[in-house]
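So the chains spell out like this:
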Amino acid sequence: MAAYLCPPAVIHGEHAVETSQIVTEVRDRHPHAAWTPRIDAIAASTGIETRGWMLPLETAVAPGKGGLRSVGIESAQEALARDGFTQQDVDRVIAALEAIPAPQTVQERTAPAWEAVQSYGERAARGALQIAGLDAADIDCLITSNSTTPALPGLDISLANKLPLRNDVMLLPATQWACIAGTRSLALAADLVAADPDRVVLVVISEALSTTYQPADDTLESLIVRLLFADTAVATVVTGRPRRESVLRLDAAWHHTLPGTQDLHRLETRADGAHFVMDRRGPRAVQETVTAMWDWLRVRYQDDPDSWHPDVLLAHPGGTRVLEYMEQTMPDAWPSGLLDYSRDSYTSGNRGGAAVFDILRRAHDAGQKPGNRAVLYAAAPGLTATALGGEWL
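Here the structure is a predicted model, which means the values were calculated and not measured.

## With respect to the side chain of T232
Working step 1: Tracing the backbone through its elements, the reader meets T232 in strand β8 (residues 231-239).
Working step 2: Looking at T232, its side chain comes within polar contact range of the side chain of R351, at 3.3 Å.

## Thoughts on helix α7 (residues 106-132)
Residues three or four positions apart in an α-helix share a direction because the helix packs 3.6 residues into each turn.
Working step 1: In this model, α7 (27 residues) spans 38 Å end to end at C-alpha, consistent with the 39 Å of a helix rising 1.5 Å per residue.
Working step 2: At the exit of α7 stands G133, carrying a positive phi of roughly 70°.

## So, unusual backbone geometry
Working step 1: Note the cis peptide between L163 and P164, where omega equals -20°.
Working step 2: One can find P164 in the loop between α8 (155-162) and β6 (170-173).
Working step 3: With an omega dihedral of -20°, the bond running from G382 to L383 counts as a cis peptide bond.
Working step 4: Note that L383 resides in the loop between β13 (373-380) and β14 (384-392).

## Describing the pattern of salt bridges
Working step 1: A complete count under the given rule lists 21 salt bridges for this structure.
Working step 2: As a salt-bridge pair, E245 and R244 come within 3.1 Å of each other at their nearest N and O atoms.
Working step 3: Note on E245: relative accessible area 15%, which makes it buried.
Working step 4: R244 sits in the exposed class, given a relative accessible area of 76%.

## What to know about the packing of helix α1 (residues 19-29) against helix α10 (residues 220-228)
Working step 1: Their axes nearest at 10 Å, the elements α1 and α10 cross at an angle of 150°. Relative to α10, the element α1 lies roughly antiparallel. Here the hand of the crossing between α1 and α10 comes out right-handed. Contact residues: α1 offers T19, I22, V23 and V26, while α10 offers L223, R226 and L227.
Working step 2: Class assignment for the residues of the contact of α1 with α10 results in five nonpolar, one polar and one charged.

## Describing α1
Working step 1: Listing the buried residues of α1 in full gives T19, I22, V23, E25 and V26. All buried residues of α1 fall inside an arc of 165° around its axis, so they share one side.
Working step 2: Residues of α1 that are buried in the fold lie against β3 (15-18), α2 (39-45), β4 (50-53), α3 (57-61) and α10.

## With respect to the packing of aromatic side chains
Working step 1: Inspection of the entire model under this criterion finds six aromatic pairs.
Working step 2: When the centroid spacing of 5.5 Å and the interplanar angle of 80° are considered together, the rings of F229 and F276 count as edge-to-face. With a gap of 47 residues between them, F229 in the loop between α10 and β8 and F276 in strand β11 (residues 273-278) connect regions that are remote in the sequence.
Working step 3: The exposure class of F229 is buried, given its relative accessible area of 7%.
Working step 4: Aromatic pair W294 and W334: ring centres 5.5 Å apart, planes at 90°, arrangement edge-to-face. Taken as a pair, W294 in helix α11 (residues 282-300) and W334 in the loop between α12 (320-329) and α13 (340-346) lie far apart in primary sequence, 40 residues in all. Across the pair, W334 and W294 agree in class, each one buried.
Working step 5: Grouped by ring-pair contacts, the aromatic residues W294, Y301, W308 and W334 constitute a single cluster.
Working step 6: Residue placement shows R123 over the ring face of Y120; its charged tip is 5.0 Å from the ring centre.

## Considerations on the environment of D304
Working step 1: Assignment of secondary structure puts D304 in the loop between α11 and β12 (312-316).
Working step 2: Residues D304 and V238 lie 66 residues apart in sequence; the distance between their C-alpha atoms is 29 Å.

## Quick notes on the state of the cysteines
Working step 1: The final tally for this structure, using the stated rule, is zero disulfides.
Working step 2: The structure places no disulfide on C6, whose sulfur is separated from the nearest cysteine sulfur, that of C141, by 15 Å.
Working step 3: We classify C141 as buried; its relative accessible area is 0%.

## Re the nonpolar core
Working step 1: Counting residues in hydrophobic clusters, the biggest one holds 38 residues, and the most contacted among them are V201, L248 and W392.
Working step 2: Per-element accounting of this core gives the leading share, seven residues, to helix α9 (residues 181-195).
Working step 3: For L248, the residues in contact, after removing those within four places along its chain, are A3, Y4, L5, L360, A374, L376, G390, E391, W392 and L393.

The rules behind these values
Residues numbered from 1 in each chain as written. Predicted model: local features only at pLDDT ≥ 70, side-chain atom pairs only at ≥ 80, totals over all residues. Heavy atoms only, no water. Helix = DSSP H or I, 4+ residues; strand = E, 2+ residues; numbered from the N terminus. Polar contact = N/O pair within 3.5 Å; in protein donor to acceptor, adjacent residues only side chain to side chain. Expected span 1.5 Å × (residues − 1). Salt bridge = Lys/Arg side-chain N within 4 Å of Asp/Glu carboxyl O. Buried < 20%, exposed > 50% of the residue type's maximum accessible area, 1.4 Å probe, protein only. Axes fitted to C-alpha atoms, helices over the stretch in contact; angles between N-to-C directions. Parallel < 35°, antiparallel > 145°, perpendicular 65-115°, else oblique. Left-handed = near helix turned anticlockwise from the far one by under 90°. Contact = heavy atoms within 4.5 Å. Nonpolar A, V, L, I, M, F, W, Y, C, P; charged D, E, K, R; others polar. Arc of directions from axis to C-beta. Phe/Tyr/Trp six-rings, centres within 6.5 Å; stacked < 30°, edge-to-face > 60°. Lys NZ or Arg CZ within 6 Å of the ring centre and 35° of its normal. Disulfide = S-S within 2.5 Å. Core = buried A, V, L, I, M, F, W, Y, C linked by side-chain atoms within 4.5 Å.

Structure, rendered in structure tokens:
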């Protein structure tokens with residue numbers, strides 16, 4: 001396995017949403033929630049002060065256009081009149097019901113986010129092509145991922161038309177990879193170029209995770225989801241032969257899935273849109289995939305167990321607790337600071353599938369010596385994980 005990566009293009013959400021804004025909105029909406037007295041401490045514990053969204057906070061918290069009008073005012077008036085209400089009472093009841101804000105529907109939440117995902121994805125794709133010194137006509141395969149804005153046709157077809165790509169390009173959409181999209185898309189791209197070293201693969205991941213911001217939810221888990229997620233689009237070019245623009249060579253891939261953990265983290269579609277549901281057992285399960293990855297690396301480098309170590313670890317485990325676990329369980333002889341770029345990325349939000357590309361870009365921009373060894377890792381709902389080993393060029 002030898003696949004060559006060009007530096008990724010990273011497009012952050014352009015609407016800055018402050019943690020203080022979210023805290024104020026949630027506190028005003030749910031003043032009697034059991035966690036309200038602790039909301040400031042909970043927000044501070046995330047370490048995130050600002051995150052970028054593709055759409056402003058006001059869009060996520062705006063009332064829907066349904067409510068009474070969705071069932072028909074005339075029908076409501078007729079029902080009240082048949083029940084003996086006077087016209088004055090009917091008018092007063094209808095006015096009171098119309099004043100009740102309705103939640104947004106799935107369409108109201110998803111439609112504007114889907115437009116943004118396509119636009120951001122196109123910008124990331126064009127940026128990656130420019131970085132790689134290639135044109136859209138040079139692309140042989142397009143891999144796309146977006147988990148929070150389902151659509152058919154999807155992001156692959158959208159980009160094939162917008163860029164535009166050749167008619168014979170292989171399109172591989174993966175809408176359910178979620179947080180693992182960064183590493184798993186690169187593993188797939190590496191397999192594709194291994195089969196044909198002349199193949200050129202474009203990977204595009206565009207996630208509007210802010211669509212999971214559900215104002216009506218009053219659970220602690222929903223509060224945490226509100227505070228964590230950021231919107232990002234990323235893209236990179238993968239080739240089977242080194243190019244002048246190549247910065248990282250991938251040499252090996254590893255996959256791992258934990259049976260019986262599919263309910264720990266999941267995305268549910270309800271009447272008012274997408275809800276990300278988290279189980280408190282999730283971090284412990286993710287830690288199991290980290291332990292399994294350490295075993296993979298130990299076996300892979302068993303001929304050089306004392307001197308081998310990564311020079312940088314580009315990891316998206318979903319949260320700071322697992323980052324801390326990774327630091328606690330990695331071999332004592334490994335240098336400190338391997339997760340610095342992962343921590344830096346996380347301070348502006350959890351980017352889901354786009355995270356590993358953002359972390360990779362931060363490491364590249366900081367400067368890496370040729371020959372430095374890199375490990376890329378991500379875990380996602382399922383629970384499933386993919387890791388990659390490579391070397392900076």
